[in-house]
Amino acid sequence: MIEEFKDLKEIQMIIFRLANEEYTIPIMNVQEIIMPQPPTHIPKAPGWVEGILNLRGHIIPIIDGKKKFQIENKEQNKADSRIIVIDVDHEMVGLNVQELSDDIHLKTEDINPTPVDIGEDNEFLWGVGKYQNKLLILINPQKFLSHSETHDLKKFSKVTENIQQATKVCNMSVCSG
């Protein structure tokens, strides 16, 4: 049994696809789901960061799910892509996924710990869920980034905040000649 779910009978999850695998994340960690938009690229950003988006006045980094999880980049139907906006350590982050498949109620008794030891960087995996003859990989959104990645992302967010402030100043006609 996963510690975070010990007092629950079921948990509502969103299923998303990356390549041929289905992953799931608790809906309570999802702020919203948006259509993909071309991000603004930031020099020297980590390779798994696509760039930033202005989401109703909030600058958020967009993470490429395939690069983050080191999945072979196969062709995908861009029309089905979505960005799942989640809270990661009090930072809004967009996770670009290939497709959303469903939202489900997964019984906690159908969740098992990760069956294989994949090393130190496996905290982002809660385990494997069994649902309708499928196995779903459960992602822990609070551990989905390592400590150093979270630190890098917070530094990255400070840069984006500075860009946002500079943009506001320019929009107030200070930058126009």
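Conventions we followed
Residues numbered from 1 in each chain as written. Predicted model: local features only at pLDDT ≥ 70, side-chain atom pairs only at ≥ 80, totals over all residues. Heavy atoms only, no water. Helix = DSSP H or I, 4+ residues; strand = E, 2+ residues; numbered from the N terminus. Buried < 20%, exposed > 50% of the residue type's maximum accessible area, 1.4 Å probe, protein only. Contact = heavy atoms within 4.5 Å. Areas by Shrake-Rupley, 256 points an atom, 1.4 Å probe, with all protein chains shown as cover. Phe/Tyr/Trp six-rings, centres within 6.5 Å; stacked < 30°, edge-to-face > 60°. Lys NZ or Arg CZ within 6 Å of the ring centre and 35° of its normal. Core = buried A, V, L, I, M, F, W, Y, C linked by side-chain atoms within 4.5 Å. Salt bridge = Lys/Arg side-chain N within 4 Å of Asp/Glu carboxyl O. Pairing = 2+ DSSP bridges. Axes fitted to C-alpha atoms, helices over the stretch in contact; angles between N-to-C directions.

Student: Explain the overall build of the protein chain residue by residue, including any values.
Tutor: When you go through the protein chain residue by residue, the secondary structure sums to two helices and 11 strands. Along its sequence from the N terminus, the protein chain presents helices and strands in the succession β-β-β-β-β-α-β-β-β-β-β-β-α. Evaluated residue by residue, the protein chain yields a buried proportion of 41% over its 177 residues. Expressed as a percentage of contacts within the protein chain between residues at least 6 apart in sequence, the contacts between residues at least 24 apart total 58%. Total accessible area computed for the protein chain in this model is approximately 10,600 Å², and 49% of it derives from carbon and sulfur atoms.

Student: Go over the packing of aromatic side chains with me, naming the residues and quoting the values.
Tutor: A full pass over the atoms with the stated rule returns two aromatic pairs. Aromatic side chains phenylalanine 16 and tyrosine 23 sit 5.7 Å apart centroid to centroid with 15° between the ring planes, which places their arrangement in the stacked category. Owing to a relative accessible area of 0%, phenylalanine 16 belongs among the buried residues under this scheme. Ring centres of tyrosine 23 and phenylalanine 69 lie 5.6 Å apart, and the angle between their planes is 10°; on these two criteria the pair is classed as stacked. Here tyrosine 23 is found in strand β2 (residues 21-26), whereas its partner phenylalanine 69 is found in the loop between α1 (65-68) and β6 (82-88), with 46 residues between them in sequence. Judged by relative accessible area, which is 8%, tyrosine 23 ranks as buried. Look at phenylalanine 69 and you get buried, because its relative accessible area is 13%. It is lysine 68 that lies over the ring of tryptophan 48; its NZ or CZ is 5.7 Å from the centre.

Student: Tell me what's going on with the nonpolar core, and back it up with residues and numbers.
Tutor: Residues Phe16, Leu18, Ile63, Phe69, Ile86, Ile139 and Phe144 are the most contacted members of the largest nonpolar core, which totals 23 residues. Elements represented by at least two residues in this core include exactly β1 (10-18), β2, β6 and β7 (91-97). When neighbours within four sequence positions are excluded, leucine 18 is seen to be in contact with Tyr23, Gly65, Lys66, Phe69, Ile71, Asn96, Val97 and Gln98. Ranked by size, the runner-up nonpolar core spans 11 residues in total, among them Ile11, Met13, Tyr131 and Leu138.

Student: Go over the pattern of salt bridges with me, naming the residues and quoting the values.
Tutor: Under the criterion given, the structure shown has four salt bridges. In this structure, glutamate 22 engages arginine 17 in a salt bridge whose closest nitrogen and oxygen atoms are separated by 3.3 Å. A salt bridge links arginine 56 to glutamate 32, with the nearest nitrogen and oxygen atoms 2.3 Å apart. On the criterion of sequence distance, the pair formed by arginine 56 in the loop between β4 (49-55) and β5 (58-64) and glutamate 32 in strand β3 (residues 30-34) is long-range, its members being 24 residues apart. Since its relative accessible area comes to 63%, arginine 56 is described here as exposed. Its relative accessible area of 22% is what places glutamate 32 among the partly exposed residues. Within the structure, one salt-bridge network assembled from shared partners comprises Arg17, Glu22, Glu99 and Lys134.

Student: Let's hear about the side chain of asparagine 140: which residues, and what values?
Tutor: Locating asparagine 140 in the fold gives a position in the loop between β11 (134-139) and α2 (147-171). Asparagine 140 gets classed as buried once you look at its relative accessible area, which sits at 6%.

Student: Quick one: what's the story with the sheet that holds β3, residue by residue and with numbers?
Tutor: The strands making up a sheet are joined through hydrogen bonds of the backbone, oriented either antiparallel or parallel. In space, the five strands of this open sheet follow the order β3-β6-β7-β5-β4, with mixed pairing throughout. If you trace the sheet from one side to the other, it starts and ends with β3 and β4, each paired once. Within this sheet the neighbouring strands show an average axis-to-axis angle of 30°, counted without direction. Note that β3 and β6 share four bridges and pair antiparallel.

Student: How would you explain the sheet that holds β11 if you had to name every residue and give the values?
Tutor: Reading across the sheet, the six strands line up as β8-β1-β2-β11-β10-β9 and stay open at both edges, with mixed pairing between neighbours. The open sheet has two edge strands with one neighbour each: β8 (99-107) and β9 (111-112). For β1 and β2, the ladder comprises six bridges, and the chain directions are antiparallel. Among the inter-strand pairings, isoleucine 14 is bridged to a residue of β2, identified as isoleucine 25.

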